[in-house]
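# Results of the structural survey
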Number of protein chains: 2
Amino acid sequence: ALAAPAIAQSAPKIQWRCTSSFPKSLDTIYGGATDLATFVREATDGNFDIQVFAAGEIVPGLQAADAVMNGTVQMCHTAAYYYVGKDPTWALGATVPFGLNARGMHAWLNYGGGNDLLNEYFNPQGLHYIQGGNTGTQMGGWFRKEIKTVADLNGVKMRIAGLAGQVMGKLGVVPQQVAGGDIYPALERGTIDAAEWIGPYDDEKLGFVKVAPFYYYPGWWEGNLALNFFINNEQWNSLPKNYQSLLSTAAKASTLEMLSEYDYKNPAALNRLVAAGAQLRPFPQDVMNASFAAAQEVYKGINATNAPFKKIYDSMVEFRAQTYLWQQVAEYTFDTFMMLRQRDGSLKPQNG
Amino acid sequence: ALAAPAIAQSAPKIQWRCTSSFPKSLDTIYGGATDLATFVREATDGNFDIQVFAAGEIVPGLQAADAVMNGTVQMCHTAAYYYVGKDPTWALGATVPFGLNARGMHAWLNYGGGNDLLNEYFNPQGLHYIQGGNTGTQMGGWFRKEIKTVADLNGVKMRIAGLAGQVMGKLGVVPQQVAGGDIYPALERGTIDAAEWIGPYDDEKLGFVKVAPFYYYPGWWEGNLALNFFINNEQWNSLPKNYQSLLSTAAKASTLEMLSEYDYKNPAALNRLVAAGAQLRPFPQDVMNASFAAAQEVYKGINATNAPFKKIYDSMVEFRAQTYLWQQVAEYTFDTFMMLRQRDGSLKPQNG
């Protein structure tokens, strides 16, 4: 006899809308949402169908989380630090200046209590938090003039957002909010002097090299950037358990995919940018040191008045000291050796 | 009217057995298989049920892939380099000396053609290859005496396997094959002088610190270790498409999970090992340089006679030069700055 299907209730037809904070042209970061949707759709034979909408199609990119909170859409794909205007605590779900690198972030979120602490914060606001993607350490942005010392930052009008803008402000930078598509003309006209965006693969598309050729690293305000899905908490709680599990699994897979894609595409883009005239520069040590000190001031100010921020920040910072201790042993010495071999030409395929 | 369930054919009851190459006591690495099984089971309400068996329960750990090839089990969780006795090409699915770090490996596998090339090699042998986990860069192992120069390696009997054993052999090391449970007594009795295992969290369990306290880094033969699932190719092809997709998604999620877990657990284990007397030592530069040169000799020998190895190796090596170029820009300078702050105490929570 044919066995009765055992799954009658378990794969209901559900159609959701996911609004992205990103345009389709940023294919790598936008792809975090479409990857998740594909993984979920394929695993359910199309029964759990998440349609992804680019920034602006339903709501503007920076209102994605609001659209989830007010029920316009069931979920969004965004970077939680876009919402520091609501509360700086949001940034801890994405990245904060001098925070963790990507592997540290993943360890803290998945094993160090990060995900639970973030959901403890976001759930009462109607949101369920799940990481979905990572860019890795970002670049420090494009400057029209060279920065040789902290003093050179004084009065620089820089497109930089959130907590990083506050930190830069302490060094004399005048932080500016400029939407992605408006950065190039603002740099060209000299309305702004500098702009940070993401990294080589994304930066190349906006053409900054032509108008602000000094390309600094590292973006100390984004040692990693965890993208994230916010799901309306009622919608999350009403999902069958198998769909909850699948969504969580698919989000982890989309994290691995996005970071892999950036790590694959950034090297070639960096080569093209340098060929096009980008002047690669590390931030001077005094800029790095002053930025670190300024960041600690910003954190002290927030921690003194914001208990939810302090609770999550303390957890992150406790693990931060541990992870950089361990990473400097096997991981860093292996990488250092291999990078020196890259520099001396020993890694060229013909030498292998 | 109640809508008819749309999924009658799509979630058949399937029960598979997955034999692991690892014992349950290595919970982190063994967990790669149980994570995948849990993700798949939960997403299908138990309809796709993968039972995981520890090494030795069905077949010995180092015969896991054979058990898949001959149909004893549908799939296994293993490290492909265990099978270099069949052909060194297998190692490229796991790791090779002076290869990629974890992020480089994931980028190459998922975007650089690695997965496709590996399946082109493994499919005709009846296997479908999927990555499932990563340990990150491993430690260089435990030595009874200090290694101050290449000459100190001469005659050292070291538990080290595969291609790394061949490379070490060129430096005078006498490579030994010793199963995990036998390493401690062999070190204690002096039957062997050194042993490499994995990293702090796993090494601590075997107690090596008591009998071989010099703990070297990095394990240049495992800049990353990609664990992997081998699925019997006929079984893979007979799976419904939705189960194929789910299995692939779950494997990516298990990769993120395992690396997160290692990155979370290794720091505390390293602290405990140092407290217990481990003498942390970087391999001397002349040992690193001689090992790198010896590895190139091993590769030249294999590439000259093994076209499948050369094809996959060339692809990996071409990306290797690219990824270490890019990683030394934003990623490395950020990490370096943070590690210096870790060393000078600035990352201590009370300073944040």
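See the structure printed just above.
Residues numbered from 1 in each chain as written. Chains lettered and ligands numbered in written order. Predicted model: local features only at pLDDT ≥ 70, side-chain atom pairs only at ≥ 80, totals over all residues. Heavy atoms only, no water.

## Let's talk about the sheet that holds strand β7 (residues 174-176) of chain B
Residue and element names in this part refer to chain B. Read across the open sheet, the six strands follow the order β7-β6-β8-β5-β9-β11; overall the sheet is mixed. One side of each edge strand has no neighbouring strand; the edge strands of this open sheet are β7 and β11 (279-282). Relative to strand β8 (residues 194-195), strand β6 (residues 157-159) runs parallel, the two being bridged by two bridges. Bridge pairing in β8 places methionine 158 opposite alanine 194. (Pairing = 2+ DSSP bridges. Helix = DSSP H or I, 4+ residues; strand = E, 2+ residues; numbered from the N terminus.)

## Side note on the packing of helix α10 (residues 285-305) of chain A against helix α11 (residues 307-327) of chain A
All names here are of chain A. Axis separation between α10 and α11 bottoms out at 6 Å; the angle between their running directions is 125 degrees. Relative to α11, the element α10 is oriented oblique. Seen along the crossing, α10 lies across α11 with a hand that is left-handed. Where α10 abuts α11, its residues Gln296, Tyr299, Ile302, Asn303 and Thr305 lie against Ala307, Phe309, Lys310 and Tyr313. For the contact of α10 with α11, the per-class residue count stands at five nonpolar, three polar and one charged. (Axes fitted to C-alpha atoms, helices over the stretch in contact; angles between N-to-C directions. Parallel < 35°, antiparallel > 145°, perpendicular 65-115°, else oblique. Left-handed = near helix turned anticlockwise from the far one by under 90°. Contact = heavy atoms within 4.5 Å. Nonpolar A, V, L, I, M, F, W, Y, C, P; charged D, E, K, R; others polar.)

## Observations concerning empty space enclosed by the protein
As enumerated under the stated definition, the model contains six cavities of 30 Å³ or more in all. Together, 16 residues line the largest cavity, and A:Gln327, A:Glu331, A:Asp335, B:Glu331 and B:Asp335 are the ones closest to its centre. Going through the elements one at a time, α3 (102-111) and α12 (330-343) of chain A together with α3 (102-111) and α12 (330-343) of chain B are the ones with two or more residues in the lining of the largest cavity. Of the residues belonging to the lining of the largest cavity, the class tally is six nonpolar, four polar and six charged. (1 Å grid on protein atoms, 1.4 Å probe; cavity = no way out; pocket = protein on both sides within 12 Å on 5 of 7 lines; lining within 4 Å. Points joined across faces, edges and corners; volume = space filled by probe spheres on them.)

## Focus: unusual backbone geometry
Between A:Tyr217 and A:Pro218 the backbone carries a cis peptide bond, its omega angle lying at -5 degrees. Looking at where A:Pro218 falls in the secondary structure, it is placed in the loop between β9 (214-217) and β10 (226-232). Despite not being glycine, A:Phe98 shows a phi value in the positive range, around 55 degrees. Within the secondary structure layout, A:Phe98 lies in the loop between β3 (75-78) and α3. For A:Phe98, a relative accessible area of 0% corresponds to the buried category. For B:Asp45, which is not a glycine, the phi torsion comes out positive at approximately 50 degrees. Along the polypeptide, B:Asp45 turns up in the loop between α1 (27-43) and β2 (48-53). By relative accessible area, which is 42% here, B:Asp45 ends up partly exposed. (Buried < 20%, exposed > 50% of the residue type's maximum accessible area, 1.4 Å probe, protein only.)

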